[in-house]
Amino acid sequence: MRGKTKPKMSWNNDFTVALVSKNDHEIERLLARMPQFTTREEMQCAQALIQEALTYMQDERRGIQEAMQKLKKTRDFIASSEILSSYEKEYRG
């Protein structure tokens, strides 16, 4: 095997690995460098992978929105607790 280089993975294989490993940066890089596919099978596979990536990104976005709402509620709760605490301190003198 001396002198032989390891064959490159196809775009579809690279994209599959990026999607399974949830590597957002690699997904973005591969989308920006999408090749011209030579067979109908490669095109259909790429289409399915891109649809999966879209679903993954939408799920991630939803998760981030939920986390932000929880943080906002927590911040509001803490702010209201601080106000109540300051009123209690004033009341106690």
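1. Some remarks on the overall build of the chain
A tally of regular secondary structure across the chain gives three helices and zero strands. Listing each helix as α and each strand as β along the chain from the N terminus yields α-α-α. The burial tally for the chain puts 13% of its 93 residues in the buried class. In the chain, the share of contacts with a sequence separation of at least 24, taken over all contacts with a separation of at least 6, comes to 57%. For the chain, the exposed surface amounts to about 8500 Å²; the carbon and sulfur share of it is 55%.

2. Remarks on the nonpolar core
If you look at the biggest cluster of nonpolar residues, it comprises eleven residues: Trp-11, Phe-15, Ala-18, Leu-19, Ile-27, Leu-30, Phe-37, Ala-46, Leu-49, Ala-53 and Tyr-56. Taken together, the elements giving at least two residues each to this core come down to helix H1 (11-20), helix H2 (24-32) and helix H3 (40-92). Every residue in contact with Ile-27, bar those within four places of it in the chain, is listed here: Phe-15, Ala-18, Leu-19, Ala-53, Tyr-56 and Met-57.

3. Structural notes on the packing of H1 against H2
Running from amino to carboxyl end, H1 crosses H2 at an angle of 155°, the nearest separation of the two axes being 8 Å. The angle between H1 and H2 falls in the class roughly antiparallel. Relative to H2, H1 is oriented so that their crossing is left-handed. Residues Trp-11, Asp-14, Phe-15, Ala-18 and Leu-19 of H1 touch H2, and the partners they reach there are Glu-26, Ile-27, Leu-30 and Leu-31. The class makeup of the residues in the contact of H1 with H2 is seven nonpolar, no polar and two charged.

4. A few points about the packing of aromatic side chains
With the rule as written, the count across this model stands at two aromatic pairs. Centre to centre, the rings of Trp-11 and Phe-15 are 4.8 Å apart; their planes meet at 20°, and the pair counts as stacked. Here Phe-15 and Trp-11 lie together in helix H1, a separation of four residues that amounts to about one turn. Accessibility assignment for this pair places Trp-11 and Phe-15 in one class, buried. On the basis of an interplanar angle of 75° and a centroid distance of 5.5 Å, the ring pair of Trp-11 and Phe-37 is categorised as edge-to-face. Separated by 26 residues along the polypeptide, Trp-11 in helix H1 and Phe-37 in the loop between H2 and H3 bring together distant segments of the chain. Here the aromatic residues Trp-11, Phe-15 and Phe-37 are joined through ring pairs into a cluster of three or more.

Cut-offs and rules
Residues numbered from 1 in each chain as written. Predicted model: local features only at pLDDT ≥ 70, side-chain atom pairs only at ≥ 80, totals over all residues. Heavy atoms only, no water. Helix = DSSP H or I, 4+ residues; strand = E, 2+ residues; numbered from the N terminus. Buried < 20%, exposed > 50% of the residue type's maximum accessible area, 1.4 Å probe, protein only. Contact = heavy atoms within 4.5 Å. Areas by Shrake-Rupley, 256 points an atom, 1.4 Å probe, with all protein chains shown as cover. Core = buried A, V, L, I, M, F, W, Y, C linked by side-chain atoms within 4.5 Å. Axes fitted to C-alpha atoms, helices over the stretch in contact; angles between N-to-C directions. Parallel < 35°, antiparallel > 145°, perpendicular 65-115°, else oblique. Left-handed = near helix turned anticlockwise from the far one by under 90°. Nonpolar A, V, L, I, M, F, W, Y, C, P; charged D, E, K, R; others polar. Phe/Tyr/Trp six-rings, centres within 6.5 Å; stacked < 30°, edge-to-face > 60°.

What is shown is where atoms sit, not what they do.
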